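An overview of the molecular structure
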Amino acid sequence: MKRVAILGSTGSIGTQALDVIRAHHELLSAEVIAAHSNDALLERQIDEFHPPIAILSDDAAYSRLSSRRKFPSTKLLGGRQSLIDAATFDAVDIVLTSMSGFAGLEPTIAAINAHKNIALANKETLVAAGELVMRLADECGVKILPVDSEHGAFFQCLNGEDRRAIKKLLLTASGGPFRGKNQSDLENVTVDQVLAHPTWNMGKKITVDSATLVNKGLEVIEAKFLYGVDYDQIQVVVHPQSIIHSMVEFVDGSVIAQLASTDMRLPIQYALTYPARIASTVDRLDFWSMQSLTFEEPDLETFRGLKIAYEVGRRGGTAPCIFNAANEIAVGAFLDGRIKFLDIYRVIEGVLDQQPIIDRPTLETLIVENNSARSLAEKIISAL
Ligand code: NDP
Ligand code: MG
């Protein structure tokens, strides 16, 4: 039995992870479930899964649930520190980091320090602190198992391969809802248009990131740290059908790809059960009904989020952390209707222009720089 802590159990990835646990309750158990503010859903999850520990990191949400209910076999904890501690409980074998944003960094580091393997969905952690997190994981002998579908694909393509034989990582991208559009088409797009992703159903923040291609940029940086390649070895390939989840080109010219239907329960399950590969109920690919698989170059001029990601990645130091922080604030402002879609790029560029970059940051430095970038982004937004 593998005992799982799900940090972010009420989100898109978290609820699908619980689907996987429900389907394989003989192999997997939810030992800790942690949410931020959705006390109603966490309550239903406690009633179904009876985890020994459940957490609401938002204080108001914790007060609401703890004053409303007592649970016979679940200890309910509240506050940010409980979330950080959640990952370190003895009874946990693997921690799924499925909370969104930079808020995932400290709990992930706590889990690694406690020698827990990580099923990593929270890509912002690796973007903001890739060097530090990978070094720590190495020192602690902890596995970082990717949940992101593209990185899960790389992981499968690289099974049994020597990493030195990698020529290129071919990172596929659907292109998002605005593939083929130009700048003027995008000036006035609405939140609803942005949230209508053509192939994946995900949380709001990552769906906006998919439309700007910032998500693909975050994934480039995530891939760099997970697989230790240079940025020149990561090539983004637009593949609108999202059937090939990514590919690896090897030094001999062979390319190995991983294909599957677009269902995140598959990479979540593989990360949780690895090294075992077990049955699942995800839709099978039907090669007779599949019409074609097509490939295009990404448009880096219209979707400059991807270009900026390569630049901050190559610059290193706190640059990716600042990029991520500015993007988180800009996406929040776009979802609240405070800025327009293309302003997301303007906010990111404004913050990167103004905030100095620090090399070899410690965790403390990253936390300070993340906060400064967020404040600067807010200032730029108010002046737009
Ligand atoms: P959602 O927005 O659907 O869910 C986010 C989860 O994080 C919720 O459980 C939420 O709790 C919790 N949360 C929000 N803010 C905080 C906070 N400050 N502290 C602690 N927990 C918090 O996001 P997704 O599931 O879509 O994405 C989660 C992560 O997985 C992201 O990093 C994303 O990039 C990554 N990912 C997602 C994919 C997908 O298909 N969705 C694919 C690949 C990667 P509550 O709702 O209770 O407030
Ligand atoms: Mg992805």
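As a starting point, this report considers the structure included with it. Quantities reported herein were computed from a predicted structural model and do not represent experimental measurements. (Residues numbered from 1 in each chain as written. Chains lettered and ligands numbered in written order. Predicted model: local features only at pLDDT ≥ 70, side-chain atom pairs only at ≥ 80, totals over all residues. Heavy atoms only, no water.)

Below, the discussion takes up the overall build of the protein. Counting secondary structure elements, the protein contains 16 helices and 11 strands. Over its C-alpha trace the protein gives a radius of gyration of 20 Å, about what one expects of a compact globule, namely 21 Å for 384 residues. Counting only C-alpha atoms and orienting by the principal axes, one finds that the protein spans roughly 55 × 50 × 40 Å. Contacts spanning at least 24 positions in sequence make up 68% of the contacts within the protein whose residues lie at least 6 apart. A total accessible area of about 16,200 Å² is found for the protein, and carbon and sulfur atoms account for 50% of it. Charge centroids of the protein, computed over 37 positive and 48 negative side chains, lie 2 Å from each other. (Helix = DSSP H or I, 4+ residues; strand = E, 2+ residues; numbered from the N terminus. Rg over C-alpha atoms; globule rule 2.2 N^0.38 Å. Contact = heavy atoms within 4.5 Å. Areas by Shrake-Rupley, 256 points an atom, 1.4 Å probe, with all protein chains shown as cover. Lys, Arg positive; Asp, Glu negative; His and termini not counted. Charge placed at Lys NZ, Arg CZ, Asp CG, Glu CD.)

So, on to the packing of helix α13 (residues 304-315) against helix α14 (residues 319-335). Interhelical geometry of α13 versus α14 gives an angle of 150° and a closest axis separation of 7 Å. Comparing their axes, α14 and α13 come out roughly antiparallel. On the side of α13, the interface is formed by Gly305, Ile308, Ala309, Val312, Gly313 and Arg315, while α14 contributes Ala319, Pro320 and Phe323. (Axes fitted to C-alpha atoms, helices over the stretch in contact; angles between N-to-C directions. Parallel < 35°, antiparallel > 145°, perpendicular 65-115°, else oblique.)

Here the focus is the coordination of the magnesium ion (ligand 2). Octahedral metals with six donors have ideal donor angles of 90 or 180 degrees. Tetrahedral metals with four donors have an ideal donor angle of 109.5 degrees. Donor atoms from the polypeptide that bind the magnesium ion (ligand 2) are Asp148 (OD), Glu150 (OE) and Glu219 (OE), placed at 2.1 to 2.2 Å. All donor residues of the magnesium ion (ligand 2) come from one chain, and their arrangement in sequence is D-x1-E-x68-E. Glutamate 150 shares its class with aspartate 148; the two are buried. (Donors = N, O, S within 2.8 Å, 3.2 Å for Na, K, Ca; no water. Buried < 20%, exposed > 50% of the residue type's maximum accessible area, 1.4 Å probe, protein only.)

Along the chain, the position of lysine 75 falls in strand β4 (residues 75-78). For lysine 75, a relative accessible area of 54% translates into the label exposed. Ignoring anything within four residues of it in the chain, the contact list for lysine 75 reads Pro52, Ile53 and Ala54.

Right, let's talk about α13 for a bit. Residues spaced three or four apart along an α-helix face the same direction, because each turn holds 3.6 residues. Look at α13: 16 Å from first C-alpha to last across 12 residues, which is about the 16 Å you get at 1.5 Å a residue. Arg304, Gly305, Leu306, Ile308, Ala309, Tyr310, Val312 and Gly313 are the residues of α13 that are buried. Of the surrounding elements, those touching the buried residues of α13 are α8 (183-186), α10 (204-212), α11 (214-227), β9 (234-238), α14 and α15 (343-354). A positive phi of about 70° marks glycine 316, the residue just after α13. (Expected span 1.5 Å × (residues − 1).)

Here the structure, examined in full by the defined rule, presents 7 aromatic pairs. With centroids separated by 4.9 Å and ring planes inclined at 65°, the aromatic side chains of phenylalanine 155 and tyrosine 274 adopt a geometry described as edge-to-face. Taken together, the residues span a long stretch of sequence, with phenylalanine 155 in helix α7 (residues 149-157) and tyrosine 274 in the loop between α12 (265-273) and α13 at a distance of 119 residues. Members of the aromatic cluster, each reached through a chain of ring pairs, are Phe155, Tyr270 and Tyr274. Over the ring of tyrosine 270 we find arginine 277; its NZ or CZ atom is 4.6 Å from the centre of that ring. (Phe/Tyr/Trp six-rings, centres within 6.5 Å; stacked < 30°, edge-to-face > 60°. Lys NZ or Arg CZ within 6 Å of the ring centre and 35° of its normal.)

Looking now at the site of ligand 1. Contacts to ligand 1 come from 25 residues, most closely from Thr10, Ser12, Ser37, Asn38 and Glu124. Serine 100 is positioned such that a nitrogen or oxygen atom in its backbone is 3.3 Å from an oxygen atom of ligand 1. Summarising the interface, the protein chains cover 85% of the accessible area of ligand 1, which totals 890 Å² for the free molecule. Among the residues forming the shell around ligand 1, the class breakdown is 9 nonpolar, 13 polar and 3 charged. (Near = heavy atom within 4 Å. Polar contact = N/O pair within 3.5 Å; in protein donor to acceptor, adjacent residues only side chain to side chain. Nonpolar A, V, L, I, M, F, W, Y, C, P; charged D, E, K, R; others polar.)

So, on to unusual backbone geometry. Tyrosine 274 connects to proline 275 through a cis peptide bond whose omega is 10°. Of note, proline 275 is situated in the loop between α12 and α13. Even without a glycine there, the phi angle at histidine 115 is positive, about 65°. Looking at the secondary structure, you find histidine 115 in the loop between α5 (105-113) and β6 (117-120). Unlike most non-glycine residues, leucine 213 shows phi in positive territory, near 70°.

On to the sheet that holds strand β11 (residues 255-259), then. Strand order in this open sheet of 4 strands is β9-β8-β10-β11, and the pairing throughout is mixed. Strand pairing shows two members of the sheet lacking a second neighbour, β9 and β11, which therefore form its edges. Strand-to-strand twist of the sheet, defined as the mean angle between neighbouring strand axes without regard to direction, takes the value 20°. α7 contacts β8 (166-173), β10 (244-250) and β11 of the sheet and is inclined by roughly 40° relative to β10. (Pairing = 2+ DSSP bridges.)

Here we take up the packing of helix α1 (residues 12-23) against helix α2 (residues 39-49). Packed helix pairs are characterised by how far apart their axes lie and by the angle those axes make with each other. For the pair α1 and α2, the least separation of the axes is 12 Å and the interaxial angle reads 10°. Our classification of the angle between α1 and α2 gives roughly parallel. Of the residues in α2, those in contact with Thr15, Leu18, Ile21 and Arg22 of α1 are Leu41, Gln45, Glu48 and Phe49. Of the residues in the contact of α1 with α2, the class split is 4 nonpolar, 2 polar and 2 charged.

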